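# Remarks on the overall topology
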Amino acid sequence: MLTRRFVLGVLSAATLAAPASMAMAEEIYIPLVSKGFQHQFWQAVKQGAEQAAEEFDVTITFEGPDNETMVDRQIDMLAAALANNPKAIGFAALDSQAAIPLLKQANDKGIPIIAFDSGVDSDIPVSTATTDNLAAAGLAADKMAEKIGGKGKVAVVAHDQTSRTGIDRRDGFVNRIAEKYPDIEVVTVQYGQGDHLKSTEVTKAILTANPDLDGIFGTNEGSAIGVVNGVQELGTEGLVIIGYDSGKAQKDAIKSGLMTGAITQNPVGIGYETVKAAVAAMKGEEVPALIDTGFYYYDASNIDDPKIAAVLYD
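A short tour of the structure in this document, coming up. Given the structure is predicted, the values throughout are model-derived calculations rather than measurements.

## Quick look at the sheet that holds strand β11 (residues 261-264)
Here we have six strands laid out as an open sheet, ordered β8-β7-β9-β10-β11-β13, and mixed in their pairing. In this open sheet, the two strands that pair with only one neighbour each are β8 (184-191) and β13 (296-299). Each neighbouring strand pair of the sheet contributes to a mean axis angle of 20°, computed without reference to strand direction. Pairing between strand β10 (residues 240-244) and β11: three bridges, direction parallel. Bridge pairing in β11 places Tyr244 opposite Ile263. The strands touched by helix α9 (residues 221-234) are β7 (152-158), β9 (215-218) and β10; relative to β10, the strand with the most contacts, the crossing angle is about 155°.

So this is what it looks like as structure tokens:
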């Protein structure tokens with residue numbers, strides 16, 4: 001869907017008579033290929049991208065596959081975007097390596113790539129607008145350790161092991177536990193594909209196999225909600241749940257006390273900075289290789305703080 005920088009009112013006769021090719025020639029087109037739309041996180045990213053499109057007077061599209069397991073579908077979308085010879089492309093990779101051949105084609109054509117949310121294993125993107133996921137997951141590990149008293153058993157329900165975000169959030173949590181908390185054991189890392197239904201089943205299997213578990217970390221919105229649902233369905237009590245991202249279900253779980261807390265990114269900021277960097281790159285201006293869009297830990301004590309509320313979404 002094309003996102004216009006403004007809504008047209010009454011068209012003049014001259015405008016109506018102008019050839020379509022002339023109108024298109026005046027547009028600066030930047031497609032953004034995201035990971036999908038199954039989480040409200042991506043709607044918030046899209047909102048930020050639309051804000052920047054209006055501010056910088058460009059036209060964007062924002063699309064993604066039906067779910068975050070459809071790597072081939074995302075590659076098809078990237079190929080279609082590239083075929084339209086845009087001025088720049090924003091890309092949030094489901095697989096950190098699968099898209100590299102297409103990104104090389106874009107590079108050969110002089111089309112700058114701005115990675116967002118999840119980078120690729122290549123230096124082709126001129127910039128990546130993202131959260132420092134290693135640091136954010138490390139903070140989640142610190143909060144987990146604090147809440148379980150520095151000892152015990154924990155598990156991770158991750159969204160995938162192919163995207164940069166999946167890898168970094170898993171490793172950031174697991175490595176921080178190993179480095180700082182010798183009395184805490186990560187008994188397992190399981191993958192629910194970012195889908196709350198699959199993550200629910202994964203969580204129930206983990207809890208059944210580990211009845212003495214003290215905590216679970218869910219690495220994205222779908223993973224975290226799956227953990228909450230799994231705990232509720234089994235009637236498990238006293239488990240510390242740390243999530244990632246936001247959304248109404250996660251916010252409600254924190255307010256009710258079922259979830260201890262979560263890491264929030266700045267999804268609107270990710271979308272905004274992606275388009276802003278794309279505009280700068282297509283003009284030949286320098287852009288930073290990494291745009292750190294920030295993160296916070298939130299729980300029932302600060303969820304209504306204006307600074308936190310500004311980066312949460314429903």
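## Some thoughts on the packing of helix α3 (residues 40-55) against helix α11 (residues 267-282)
Running from N to C, α3 and α11 cross one another at 40°; their axes reach a closest spacing of 6 Å. On the basis of their axis angle, the class for α3 and α11 is oblique. Regarding α3 and α11, the two cross each other, and that crossing is right-handed. When α3 is examined against α11, the residues Phe41, Ala44, Val45, Gln47, Gly48, Ala49, Gln51, Ala52, Ala53 and Glu55 are found in contact with a partner set consisting of Pro267, Val268, Ile270, Gly271, Tyr272, Val275 and Lys276. Its residues placed into classes, the contact of α3 with α11 shows eleven nonpolar, four polar and two charged.

What counts and what doesn't
Residues numbered from 1 in each chain as written. Predicted model: local features only at pLDDT ≥ 70, side-chain atom pairs only at ≥ 80, totals over all residues. Heavy atoms only, no water. Pairing = 2+ DSSP bridges. Helix = DSSP H or I, 4+ residues; strand = E, 2+ residues; numbered from the N terminus. Axes fitted to C-alpha atoms, helices over the stretch in contact; angles between N-to-C directions. Contact = heavy atoms within 4.5 Å. Parallel < 35°, antiparallel > 145°, perpendicular 65-115°, else oblique. Left-handed = near helix turned anticlockwise from the far one by under 90°. Nonpolar A, V, L, I, M, F, W, Y, C, P; charged D, E, K, R; others polar.

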